[in-house]
Amino acid sequence: TALTATTTMSVKGNTGASFGDDTGTFEFDGSGNVTETGIVGLTLAPATVSIKGDGSSVYGDDVAQWTFDGAGAASESGMTSLSATPSGAITWSTAAGALTLSGASGITNTSTGGTYTVNAAGQTIDMDCTTVDVDCTTLGLTATSGGFAIDSTGSSRVGVTGANLNLKTTTSGNIELEA
(Lines give C-alpha, C1' and ligand atoms only; values in the text may rest on other atoms or scores of the structure.)
Protein backbone atom coordinates (compact mmCIF):
# COMPACT_ATOMS: atom_id res chain seq x y z
CA THR A 1 0.00 0.00 0.00
CA ALA A 2 1.33 3.41 -0.90
CA LEU A 3 0.25 6.71 0.57
CA THR A 4 0.91 9.64 -1.74
CA ALA A 5 -0.03 13.21 -0.99
CA THR A 6 -0.05 15.95 -3.59
CA THR A 7 0.87 18.44 -0.82
CA THR A 8 2.19 18.09 2.75
CA MET A 9 1.32 14.85 4.57
CA SER A 10 0.87 14.78 8.34
CA VAL A 11 0.44 11.54 10.29
CA LYS A 12 -0.12 11.95 14.04
CA GLY A 13 -1.41 9.94 16.97
CA ASN A 14 -2.99 11.85 19.88
CA THR A 15 -1.36 9.73 22.62
CA GLY A 16 1.45 8.13 20.64
CA ALA A 17 2.40 6.56 17.36
CA SER A 18 4.39 3.61 16.10
CA PHE A 19 6.06 3.42 12.69
CA GLY A 20 8.09 0.53 11.34
CA ASP A 21 7.92 -2.91 9.86
CA ASP A 22 7.45 -6.42 11.26
CA THR A 23 10.97 -6.33 12.81
CA GLY A 24 11.65 -2.84 14.11
CA THR A 25 9.65 0.24 14.99
CA PHE A 26 10.04 3.83 16.13
CA GLU A 27 7.77 4.55 19.08
CA PHE A 28 6.46 8.07 19.77
CA ASP A 29 5.04 8.17 23.32
CA GLY A 30 2.76 11.22 23.02
CA SER A 31 5.06 13.30 25.28
CA GLY A 32 7.71 14.11 22.68
CA ASN A 33 9.96 11.11 23.37
CA VAL A 34 11.04 8.64 20.68
CA THR A 35 12.37 5.14 21.32
CA GLU A 36 12.94 2.16 19.08
CA THR A 37 12.17 -1.51 19.35
CA GLY A 38 13.84 -4.23 17.29
CA ILE A 39 15.85 -1.93 14.99
CA VAL A 40 19.21 -3.58 14.30
CA GLY A 41 20.83 -0.80 12.27
CA LEU A 42 20.25 2.81 11.28
CA THR A 43 21.94 4.49 8.32
CA LEU A 44 21.82 8.24 7.79
CA ALA A 45 23.56 9.53 4.66
CA PRO A 46 22.47 13.13 4.04
CA ALA A 47 24.86 15.88 3.00
CA THR A 48 24.77 17.39 6.52
CA VAL A 49 23.81 15.88 9.91
CA SER A 50 23.27 17.94 13.05
CA ILE A 51 22.31 16.16 16.27
CA LYS A 52 22.07 18.07 19.54
CA GLY A 53 20.06 18.14 22.71
CA ASP A 54 18.76 21.30 24.39
CA GLY A 55 19.89 19.80 27.71
CA SER A 56 22.42 17.01 27.99
CA SER A 57 23.23 14.54 25.21
CA VAL A 58 24.80 11.07 25.26
CA TYR A 59 26.40 9.39 22.22
CA GLY A 60 28.06 6.00 22.14
CA ASP A 61 27.48 2.30 22.10
CA ASP A 62 26.67 -0.33 24.74
CA VAL A 63 30.22 -0.04 26.24
CA ALA A 64 31.40 3.57 25.95
CA GLN A 65 29.64 6.91 25.79
CA TRP A 66 30.44 10.59 25.30
CA THR A 67 28.24 12.75 27.54
CA PHE A 68 27.67 16.46 26.88
CA ASP A 69 26.22 18.05 30.02
CA GLY A 70 24.30 20.93 28.41
CA ALA A 71 26.70 23.48 29.95
CA GLY A 72 29.58 23.03 27.48
CA ALA A 73 31.49 20.21 29.23
CA ALA A 74 32.03 16.75 27.72
CA SER A 75 33.08 13.56 29.49
CA GLU A 76 33.41 9.92 28.60
CA SER A 77 32.65 6.69 30.39
CA GLY A 78 33.57 3.11 29.58
CA MET A 79 36.00 4.08 26.81
CA THR A 80 38.95 1.69 26.49
CA SER A 81 41.01 3.71 23.99
CA LEU A 82 40.90 6.70 21.66
CA SER A 83 42.73 6.86 18.37
CA ALA A 84 42.94 9.86 16.02
CA THR A 85 45.14 9.59 12.92
CA PRO A 86 44.13 12.32 10.50
CA SER A 87 46.12 13.21 7.39
CA GLY A 88 46.51 16.80 8.66
CA ALA A 89 47.53 18.52 11.89
CA ILE A 90 45.77 18.13 15.25
CA THR A 91 45.49 21.06 17.66
CA TRP A 92 44.55 20.65 21.32
CA SER A 93 44.12 23.92 23.19
CA THR A 94 42.08 25.61 25.90
CA ALA A 95 40.77 29.17 25.94
CA ALA A 96 40.99 29.20 29.74
CA GLY A 97 42.48 26.89 32.34
CA ALA A 98 45.21 24.28 32.08
CA LEU A 99 45.53 21.58 29.43
CA THR A 100 46.32 18.41 31.37
CA LEU A 101 47.60 15.15 29.91
CA SER A 102 48.05 12.20 32.26
CA GLY A 103 48.73 8.54 31.70
CA ALA A 104 48.46 5.68 34.21
CA SER A 105 51.48 3.95 32.60
CA GLY A 106 53.30 7.07 31.38
CA ILE A 107 53.07 9.49 28.47
CA THR A 108 54.95 9.20 25.19
CA ASN A 109 55.47 12.16 22.86
CA THR A 110 57.03 11.25 19.53
CA SER A 111 58.11 13.56 16.72
CA THR A 112 59.29 11.77 13.58
CA GLY A 113 60.09 14.77 11.44
CA GLY A 114 60.77 18.46 11.61
CA THR A 115 61.38 20.12 14.97
CA TYR A 116 59.86 19.11 18.30
CA THR A 117 59.05 22.40 20.02
CA VAL A 118 58.07 23.09 23.61
CA ASN A 119 57.12 26.74 23.91
CA ALA A 120 56.64 28.11 27.42
CA ALA A 121 57.70 31.72 26.81
CA GLY A 122 57.64 33.70 30.06
CA GLN A 123 56.75 30.61 32.11
CA THR A 124 58.55 28.12 34.32
CA ILE A 125 58.85 24.53 33.14
CA ASP A 126 58.63 22.41 36.28
CA MET A 127 59.61 18.74 35.99
CA ASP A 128 59.11 16.68 39.14
CA CYS A 129 60.58 13.27 38.45
CA THR A 130 63.06 10.66 39.61
CA THR A 131 65.38 10.82 36.58
CA VAL A 132 65.69 13.01 33.50
CA ASP A 133 67.15 10.94 30.66
CA VAL A 134 68.07 12.90 27.52
CA ASP A 135 69.43 10.89 24.59
CA CYS A 136 70.34 13.04 21.60
CA THR A 137 73.12 13.70 19.13
CA THR A 138 73.73 17.23 20.42
CA LEU A 139 72.40 18.89 23.55
CA GLY A 140 72.43 22.66 23.66
CA LEU A 141 71.33 24.62 26.73
CA THR A 142 71.18 28.38 26.29
CA ALA A 143 70.15 30.75 29.05
CA THR A 144 69.58 34.16 27.43
CA SER A 145 69.88 35.98 30.76
CA GLY A 146 70.29 35.08 34.40
CA GLY A 147 72.61 32.13 33.83
CA PHE A 148 71.74 28.56 34.67
CA ALA A 149 72.24 26.36 37.71
CA ILE A 150 72.62 22.62 38.10
CA ASP A 151 72.31 21.72 41.76
CA SER A 152 72.28 18.37 43.50
CA THR A 153 72.34 17.08 47.07
CA GLY A 154 73.96 13.83 45.90
CA SER A 155 77.14 12.95 44.03
CA SER A 156 77.31 14.48 40.55
CA ARG A 157 79.56 14.17 37.55
CA VAL A 158 80.11 15.55 34.10
CA GLY A 159 81.78 13.08 31.78
CA VAL A 160 82.88 13.05 28.15
CA THR A 161 84.02 9.91 26.33
CA GLY A 162 86.48 10.22 23.44
CA ALA A 163 86.30 14.01 23.09
CA ASN A 164 87.22 17.24 24.86
CA LEU A 165 85.31 18.94 27.65
CA ASN A 166 85.48 22.71 27.23
CA LEU A 167 84.51 25.15 29.96
CA LYS A 168 84.71 28.75 28.84
CA THR A 169 83.23 32.18 29.19
CA THR A 170 82.43 33.90 25.91
CA THR A 171 83.48 37.49 26.66
CA SER A 172 84.63 37.89 30.26
CA GLY A 173 84.40 36.32 33.69
CA ASN A 174 86.18 33.51 35.46
CA ILE A 175 85.70 29.78 35.55
CA GLU A 176 85.57 28.82 39.22
CA LEU A 177 85.79 25.29 40.57
CA GLU A 178 84.90 24.90 44.24
CA ALA A 179 85.15 21.90 46.54
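Everything that follows concerns the structure shown earlier in this document.
The text that follows walks through the structure, step by step, so that each part is easy to find. Everything quoted here is computed from the prediction, not taken from an experiment. (Residues numbered from 1 in each chain as written. Predicted model: local features only at pLDDT ≥ 70, side-chain atom pairs only at ≥ 80, totals over all residues. Heavy atoms only, no water.)

## Topic: the sheet that holds strand E4 (residues 57-60)
Phase 1: Read across the open sheet, the three strands follow the order E4-E5-E6; overall the sheet is antiparallel. The strands lining the two open edges of the sheet, one partner per strand, are E4 and strand E6 (74-77). On average, each strand axis in the sheet is inclined to that of its neighbour by 20°, with strand direction left out of account.
Phase 2: Pairing geometry for strand E5 (residues 65-68) and E6, over four bridges, is antiparallel. When the bridges of E6 are listed, Thr67 appears paired with Ser75. (Pairing = 2+ DSSP bridges. Helix = DSSP H or I, 4+ residues; strand = E, 2+ residues; numbered from the N terminus. Axes fitted to C-alpha atoms, helices over the stretch in contact; angles between N-to-C directions.)

## Re the layout of surface pockets
The gaps of empty space that remain are located by a probe, the size of a water molecule, rolled over the atoms.
Phase 1: Taken as a whole, the largest pocket spans an internal volume of roughly 2100 Å³.
Phase 2: Lining of the largest pocket is provided by 29 residues; of these, Leu139, Gly140, Leu141, Phe148 and Ile150 occupy positions nearest its centre.
Phase 3: Put simply, the second largest pocket is a space of about 920 Å³.
Phase 4: Looking at the second largest pocket, the residues that line it are Ile90, Trp92, Leu99, Thr100, Leu101, Ile107, Thr108, Asn109, Thr110, Tyr116, Val118 and Ile125.
Phase 5: For the lining of the second largest pocket, a count of residues per class yields eight nonpolar, four polar and no charged. (1 Å grid on protein atoms, 1.4 Å probe; cavity = no way out; pocket = protein on both sides within 12 Å on 5 of 7 lines; lining within 4 Å. Points joined across faces, edges and corners; volume = space filled by probe spheres on them. Nonpolar A, V, L, I, M, F, W, Y, C, P; charged D, E, K, R; others polar.)

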